[in-house]
Amino acid sequence: MSKVFCRFILLFLLFVPVAVLHAGQLPASLEQYQTQTANLLTGEEDEHVRKYLSECLEASRHLNGIEAEDVRVTTAFQALVAARLAAAGGLTAETSGAPGIRTEQRLYTTHVQPYLKNEYISLVRLQDQLLQRKYFRNETAKNANFIEGAVNSYWSLTRADHTDLKNVAADPHLGVSPWEAVFRLEPTLAVHHGGQFAVMGSAGLSYAFFPDVRHNGTSAVFNETFWSKWLQKSGGRLGVGAGQVENKTRFLAGAGVQIASAGLWGIYEPERRTFMFGISAADLSKLKKVVSWLE
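Here is what the cut-offs are and how they apply
Residue indices begin from 1 for each chain and proceed along its sequence in written order. Whole-chain, interface and lining totals are the exception, using all residues; otherwise, since this is a predicted model, local features are given only for residues with pLDDT of at least 70 and side-chain atom pairs are given and counted only at 80 or more. Side-chain metrics rest on all non-hydrogen atoms present in the structure, leaving aside hydrogens and water. Strands here are runs of E lasting at least two residues and helices are runs of H or I lasting at least four, both read from the DSSP assignment and numbered beginning at the N terminus. Residue contacts are defined here by distance: any two heavy atoms, one from each residue, within 4.5 Å place the two residues in contact. Axis lines are fitted to C-alpha atoms, over the contacting stretch for helices. Their N-to-C directions set the angle, which ranges from 0 to 180 degrees. These descriptions rest on fixed angle ranges, namely under 35 degrees for roughly parallel, over 145 for roughly antiparallel, 65 to 115 for roughly perpendicular, and the rest for oblique. It is the rotation of the near helix from the far one that decides the hand of a crossing: anticlockwise by less than a right angle makes it left-handed, clockwise makes it right-handed. Any residue outside Ala, Val, Leu, Ile, Met, Phe, Trp, Tyr, Cys, Pro, Asp, Glu, Lys and Arg is labelled polar, Gly included; the first ten of those are nonpolar and the last four are charged. Here the nonpolar core consists of buried residues drawn from Ala, Val, Leu, Ile, Met, Phe, Trp, Tyr and Cys, with membership extended through side-chain atoms lying within 4.5 Å. Each residue is assigned to one of three classes by its accessible area relative to the maximum for its type, calculated with a 1.4 Å probe on protein chains only: buried under 20%, partly exposed between the two thresholds, exposed over 50%. Like charges within 9 Å and nonpolar side chains (Val, Leu, Ile, Met, Phe, Trp, Tyr) within 5 Å are joined into patches, using only residues over 30% in relative accessible area that form no salt bridge. Residue exposure ignores everything except the shown protein chains as possible cover, and the areas themselves are Shrake-Rupley values with a 1.4 Å probe. Definition used for salt bridges: Asp or Glu carboxyl oxygen within 4 Å of a side-chain nitrogen of Lys or Arg. Pairing between strands is defined by DSSP: at least two bridges between the two strands are required.

1. A short note on the environment of Val 240
So, point 1. When you line up the elements, Val 240 lands in strand E5 (residues 233–245).
So, point 2. Residue contacts for Val 240: discarding those within four places in its chain leaves Val 199, Met 200, Gly 201, Phe 251, Leu 252 and Ala 253.

Structure representation (structure tokens):
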């Protein structure tokens, strides 16, 4: 039973889209603050501390649904700061140093407070434009999942950086890493005496081709290149899977290359020591046309 459960969880993580990736950096940071503060509130027993945490959590909701480039962001932050000051005014000398209070203030300083700086939020606005290109404007975003969301959020190779504003502003990609970790279950067309259906579990890295960026710190002009307009993404991956070959389910292993939203595979079937060519695509409807050509 445990094996079945583990398989179900793995399939869930690979197939269910992760909504947080489709938000900008401000909503993602806000979600981390709210989730961790809500956990603090759940485990807190002191009524004074609970009241403070509850008011801070409620104050943070002024930012719900607001991206960094939203015209409402300044007003929302003003309301947030005012509500937090009111919540802090209710603390006593005994409760102000409580562990729950100190932890909440650390969470606020880490996840929310940096956005109060004009130069910081201006940079995040520009970064979000590149993140949109990296994650959301390409067809591969349709298959994004929880595993990819976790890896790309915590692995420094794939994250946007804004720790040193001067260095990031001078970076040609504004501190946004073009690299993306990929973990997918990919329906694949294996070519062997016609088109044979297969499913490959793949892991790899892809590289997003960004346009040339010219910016003055508050606004930016994106000049498309051949690679950013036509190729958009490329990368490599390794995979194992199973496929119907001559009406039998067979184990498959392979290596692939991503070109835009398509994947080209070299697939090996060990049982008969057979090599095959494979095609996968983020937009699976496109495979229907390929099947008709190969049958």
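The discussion continues.
2. Overview of the environment of Asp 161
So, point 1. Here Asp 161 lies in the loop between helix H7 (146–154) and helix H8 (165–170).
So, point 2. In sequence terms Asp 161 and Val 176 are 15 residues apart; their C-alpha atoms lie 6.3 Å from each other.
So, point 3. Excluding anything up to four places from it in sequence, Asp 161 contacts Gln 127, Val 168, Leu 174 and Gly 175.

3. Focus on unusual backbone geometry
So, point 1. Positive phi is not limited to glycine here, since Leu 174 has a value of about 55°.
So, point 2. When you line up the elements, Leu 174 lands in the loop between H8 and strand E1 (179–191).
So, point 3. In this structure, Arg 273 takes a positive phi of about 55° despite not being glycine.
So, point 4. With respect to the secondary-structure elements, Arg 273 resides in the loop between strand E7 (262–269) and strand E8 (274–281).

4. Remarks on the packing of helix H4 (residues 73–89) against helix H5 (residues 99–111)
So, point 1. Two elements in contact, H4 and H5, have axes separated by 14 Å at closest approach and are oriented at 165°. Judged on the interaxial angle alone, H5 and H4 are roughly antiparallel. With respect to the hand of their crossing, H4 and H5 are arranged in left-handed fashion. Taken together, the residues of H5 that come into contact with H4 (itself represented by Leu 80, Val 81 and Arg 84) are Glu 104, Gln 105 and Tyr 108.
So, point 2. Broken down by class, the residue content of the contact of H4 with H5 amounts to three nonpolar, one polar and two charged.

5. Quick look at the nonpolar core
So, point 1. Ranked by size, the top nonpolar core spans 28 residues in total, and within it Tyr 52, Leu 63, Phe 77, Leu 80, Val 112 and Tyr 115 carry the most contacts.
So, point 2. Of all elements in the fold, only helix H2 (25–43), helix H3 (47–60), H4, H5 and helix H6 (118–136) reach the threshold of two or more residues within this core.
So, point 3. Element by element, the count of residues in this core is highest for H3, at six residues.
So, point 4. Core analysis: the second largest hydrophobic core is formed by 10 residues, Leu 126, Leu 131, Leu 174 and Ala 208 among them.

6. Quick look at a nonpolar patch on the surface
So, point 1. There is a patch of nonpolar side chains on the surface, built from Val 257, Ile 259, Leu 264 and Phe 277 and spanning about 320 Å² of accessible area.
So, point 2. Relative to the assigned elements, Leu 264 resides in strand E7.

7. Details of the sheet that holds E5
So, point 1. Sheet architecture is closed into a barrel: six strands sit in the order E1-E2-E5-E6-E7-E8, paired in antiparallel fashion. For this sheet, the mean inter-axis angle between neighbouring strands, taken without regard to orientation, is 30°.
So, point 2. Pairing geometry for E1 and strand E2 (residues 195–208), over 13 bridges, is antiparallel. In the strand pairing of E2, Val 182 is matched with Gly 204.

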